[in-house]
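The primary structure of each chain is shown beneath.
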Amino acid sequence: MIGNFIKLAIRHMIRQRSYIFINIVGLAVGLACSILIGLFVLDEFSYDKFNEKKDRIYRCYIKGKMGETEIEGAWTCTPLGPTLVTDLPEVLDAVRINDWSETVIKYKDKSFIEDGFKQADSTFFNIFSIPLIQGDPKTALAAPHTLVMTKTTARKIFGNEDPIGKMIRVGTDTTYYSVTGIVADVPDNSHFDFNILGSFITNPRANDGIWFSNSFYTYILLAENTSAERLQEKMPAVLNKYIEPQLEQFLGISLEEFMQAGNSYGYFIQPLLDIHLNQDIDHGLKPSHNKRYIYIFSLIAVLILVIAGINYMNLATARSAGRSKEVGIRKVVGSSRGLIVWQFLFESVFLTMVSLIFAVLIVELILPGFNNLLQIQVSLNYLENWYIIPGLLALGFLLAIMAGSYPAFFLSSFRPVAVLTGSLKAGTKSKLLRSILVVFQMAASVLIILGTLIVYRQINYMINKDLGFNKEQLLVIRRVDALGNQKETFLDEVRKLTGVKQASHSTAVPGHPNNNNGYWVEGQNAEKSYLMQTNWIDDYHPGTYELNIADGRFFSEDYASDSAACVINESAVRQFGFEDPFKVRFMQPADNQATRWNYLQVIGVVKDFHYQSLHDRIYPHIFILKPESFNWGYITIRLMPGNINQTVKQVEKLWLDFSDNDPMVSFFLDEDFEELYSEDKRTGSLALVFSILAILIASLGLFGLTSFTIEQRTKEIGIRKVNGASGRTIILLLLKEIVLLVVIATLIAWAAAYIFMKGWLQNFYFRISLSPVDFLFSLLIVLAITWLTISYRSFKAAKTNPAQALKYE
């Protein structure tokens, strides 16, 4: 039976070549889109699953509220991990990680800029499944000034030399580090990465016991069969006995009084497998992705498959007249309806499997570009992943059944008498269904087009919005500590360069906040605190960034008292309810025993500016004049327009002179700030690609359907032309029905897009408003595509000789 079905299917494909070609292209493109999105989704959900103990690893994070500001971030304090292991039997082990960002590695006379340097406890290899190729996992990170590095990094630094026991310099540390191990490269689907891992015990703060200084990342390993929920319930009571004494020491209030004032402070745990797709917790070792985007692209994959399936259904039912006699004759000679259904279903499966082969070829062809576009590494590992081949076959079979079921049952329902006597009106029974399917198909296409337009407008808005400072021509240099005590001299020399407008030193720059500090106000209860992003700056910083003062003044060398002053932003004034900010004097606990508080008088209010991406609101911000002893942070140089490359080279030469030939690590702020929207731009690129492909599939269906409609109405067109109808009238006649369906589809898509995209825009604190222009533009796009798709066949039909048309039937 199957052999007969194959023969019939091949015979049908040869006989209906143009129709089959359209279907194969549509199905292949639809399947290719779904495979690509499926690979992307699988990659997103595969993060951290290589860890053997993945179900028992948890990340700790801080969650609290001070005054009107809430915090929820992956930072933790130094003593958290060891305390959890000591005081809670459910916690078997813990590891602390410190992210160093970029540094310089020196070996002999060679220097390397390394952006993947981190520090970790010796327990790292007890928790994470990253194999140590050389070295002892128990001792590799146990001693100060020891480190392990990845195989790729070792080859870059040492070439073919054996790296074990080699001594290297890290950053400005004068003590050499010993290489004690080589690890495999960190998998791409890990929520953190590193190239070099130094021993955490080397960090000067490795043994401090301060519970209110959160700078490190802490991961814990739970005992088997431990309930994370019950552990979370036990943690506050255990940790509060350490937190409360320090709260009383710093603020002079009890934990109960602190809580009663509306504040909160505590540590929580998050499953390892929840980290990559959870953006609720800020500042992880790698940016988390938005789970919403996974659902969006999964929906797009389904819509594209449905569009491809609708093409098949529409064309199969539209050409019912061509196969009605075949069905009638087969029934007369004894074929049952069930057998005919199976024949048509087999044809659908056969055609889909042929399309699947082409789809796989398309995927293999464009996969490198797809990976490059999204900055991911996915592949069709047919043998390594057992589920790939069954998944592809299941996808093809599902599409075949979905697309082929209705045509099979519809065609097999023809009565032999009606068919053979000519009383069956070809295709009329399915006309309403075809119209509904075309509407759905076009509505899905318009929804994807309109969504893409809105995504791109939001991205463009974020990139081009006035940030409250001038981000152009700002060169930012990291690793200020490499200059040592010559920092101010270096800045003076930089300012003398003709291509430099201004230069400054600060502990943070836009896009790189690093201090969220609590402050109190003189004259108010100690229970009431204010949390602000803190940046220690010099006098030149406001001019370098071209910040705008709203009231008061910035720091000045003319005022010696500015060392005990501060400037806050408008959000701080507004959020904290300061009626007269210049009467406010902030307080912070002093570092020495002689003075309990340090005081900061507000001397200015700066206009609000965006220090982070437009996903977030503008938080309260405070500028404090930087002490001369601060040799860390960033140097920012405002370059003059013109020969920027030459000026950068001059700055690099000065840097090498002042830093003992350390490589300069720098970036342009505008480019770096745009990286904050990398996931959004990736989403826009992906949406654009798949909207084009969805349009292509829908257009193929429209072309095929139009061709068949014209074929069916050839005689009608001939009669109309004989009776005086012009070519323009014929074209409008053919376009009218399709355009009406497109307009109906667009209205449906508009309603869906309004609801869906309004929800998506809620992810951004600063966002565009949905504009009627977007909706009208999407209609114009789809009408233009419709016109281009069917105009060729319409023009050809309108130009046909009436005599030939009347002889057609």
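Rules and cut-offs
- Residues numbered from 1 in each chain as written.
- Predicted model: local features only at pLDDT ≥ 70, side-chain atom pairs only at ≥ 80, totals over all residues.
- Heavy atoms only, no water.
- Helix = DSSP H or I, 4+ residues; strand = E, 2+ residues; numbered from the N terminus.
- Buried < 20%, exposed > 50% of the residue type's maximum accessible area, 1.4 Å probe, protein only.
- Contact = heavy atoms within 4.5 Å.
- Arc of directions from axis to C-beta.
- Pairing = 2+ DSSP bridges.
- Polar contact = N/O pair within 3.5 Å; in protein donor to acceptor, adjacent residues only side chain to side chain.
- Salt bridge = Lys/Arg side-chain N within 4 Å of Asp/Glu carboxyl O.
- Core = buried A, V, L, I, M, F, W, Y, C linked by side-chain atoms within 4.5 Å.
- Axes fitted to C-alpha atoms, helices over the stretch in contact; angles between N-to-C directions.
- Parallel < 35°, antiparallel > 145°, perpendicular 65-115°, else oblique.
- Left-handed = near helix turned anticlockwise from the far one by under 90°.
- Nonpolar A, V, L, I, M, F, W, Y, C, P; charged D, E, K, R; others polar.
- Phe/Tyr/Trp six-rings, centres within 6.5 Å; stacked < 30°, edge-to-face > 60°.
- Lys NZ or Arg CZ within 6 Å of the ring centre and 35° of its normal.

Trainee: How should the overall build of the chain be read in this particular structure?
Mentor: Within the chain one finds 23 helices and 23 strands. The buried share of the chain, reckoned over its 809 residues, is 53%. For the chain, the proportion of contacts with a sequence separation of at least 24, taken over those separated by at least 6, is 80%.

Trainee: How do you make sense of helix α14 (residues 487-495) when you look at a structure like this?
Mentor: Residues spaced three or four apart along an α-helix point in a common direction, a consequence of the helix completing one turn every 3.6 residues. If you check which residues of α14 are buried, you get Lys487, Phe490, Leu491, Val494 and Arg495. Looking straight down α14, one finds that the buried residues subtend no more than 135 degrees of arc, so they occupy a single side. On its buried side, α14 packs onto β13 (474-477), β14 (500-506), β22 (634-639) and α17 (644-658).

Trainee: Where do I start with the pairing of strand β10 (residues 196-199) in this structure?
Mentor: Along any regular strand the residues' side chains alternate between the sheet's two faces. Summarising the sheet, strand β5 (residues 110-120) and β10 pair through 4 bridges and their orientation is parallel. For Ala120, the partnering residue across the bridge sits in β10 and is Ser199. Across 3 bridges, the pairing between strand β7 (residues 146-150) and β10 is antiparallel. Bridging from a neighbouring strand, Leu147 pairs with Gly198 of β10.

Trainee: Can you walk me through the side chain of Asn371 in this structure?
Mentor: With respect to the element layout, Asn371 can be found in helix α10 (residues 337-374). What Asn371 contacts, discounting residues up to four positions off in sequence, is Ile376, Gln377 and Val378.

Trainee: Even after reading the chapter, I still don't get the side chain of His191, so can you show me in this structure?
Mentor: Mapped onto the elements of the fold, His191 is located in the loop between β9 (177-183) and β10. Only 2.6 Å separates the side chain of His191 from the side chain of Tyr219, close enough to count as a polar contact. Aside from chain neighbours lying at most four places away, what touches His191 is Tyr47, Asp48, Tyr219, Leu272, Ile275, Leu285 and Lys286.

Trainee: Can you walk me through the pattern of salt bridges in this structure?
Mentor: Charged atoms that come close allow side chains of opposite charge to pair. Applying the stated rule across the entire model yields 23 salt bridges. Taking the shortest distance from any N to any O, the salt bridge between Asp193 and Lys286 comes out at 3.9 Å. Placement of Asp193 in the loop between β9 and β10 and of Lys286 in the loop between β12 (264-271) and α8 (291-318) is noted, with a sequence separation of 93 residues between them. Judged by its relative accessible area of 35%, Asp193 falls in the partly exposed class. Relative accessible area serves as the criterion here: at 23%, Lys286 is assigned to the partly exposed category. In this structure, the salt-bridge partner of Lys653 is Asp657, at a minimum N-O distance of 3.6 Å. Of this pair, Lys653 and Asp657 both sit in helix α17, separated by 4 residues, roughly a single helical turn. Given the relative accessible area of 52%, Asp657 is considered exposed. Connected through salt bridges with shared partners, the residues Lys106, Arg479 and Asp662 form a single ionic network.

Trainee: I keep staring at the nonpolar core and nothing clicks. Help me out?
Mentor: What tends to happen in soluble globular proteins is that the nonpolar side chains get buried as a cluster. If you look at the biggest cluster of nonpolar residues, it comprises 111 residues, and the most contacted ones within it are Ile35, Phe40, Phe370 and Phe690. Core analysis: the next-biggest nonpolar cluster, separate from the first, contains 32 residues, Trp211, Leu222, Met587 and Trp597 among them.

Trainee: Would you explain the packing of α14 against α17 in this entry?
Mentor: Helix-helix packing is characterised by the crossing angle of the two axes and by the distance between the axes. It is the contact of α14 with α17, at a shortest axis distance of 10 Å, that shows an interaxial angle of 155 degrees. Here α17 runs roughly antiparallel to α14, going by the angle between their axes. Where α14 crosses over α17, the handedness of that crossing is right-handed. Residues Thr489, Phe490, Glu493 and Val494 of α14 lie in contact with α17, whose contacting residues are Val651, Leu654, Trp655 and Phe658. For the contact of α14 with α17, the residue count by class is 6 nonpolar, 1 polar and 1 charged.

Trainee: So what exactly am I meant to see when it comes to the packing of aromatic side chains here?
Mentor: The geometry of an aromatic ring pair is captured by two quantities: the separation of the ring centres and the angle between the planes. The final tally for this structure, using the stated rule, is 34 aromatic pairs. Where Phe128 meets Phe192, the ring centres are 5.0 Å apart and the plane angle is 75 degrees; that geometry is what we call edge-to-face. Here Phe192 lies in the loop between β9 and β10 and Phe128 lies in the loop between α4 (124-127) and β6 (132-134), a separation of 64 residues in the sequence. For the pair shown, Phe128 and Phe192 are each scored as buried. Arranged with centres 6.4 Å apart and planes meeting at 50 degrees, the rings of Phe192 and Tyr219 form a pair that is tilted. Linking Phe192 in the loop between β9 and β10 with Tyr219 in strand β11 (residues 214-222), this pair joins segments that are 27 residues apart in sequence. The class of Phe192 is buried, set by a relative accessible area of 2%. Residue class for Tyr219 comes out buried when judged on its relative accessible area of 0%. Aromatic ring contacts, followed pair by pair, group Phe124, Phe125, Phe128, Phe192, Phe194 and Tyr219 into a single cluster. Here Arg495 stacks its cationic end above the ring of Tyr540, 3.7 Å away from the centre of that ring.

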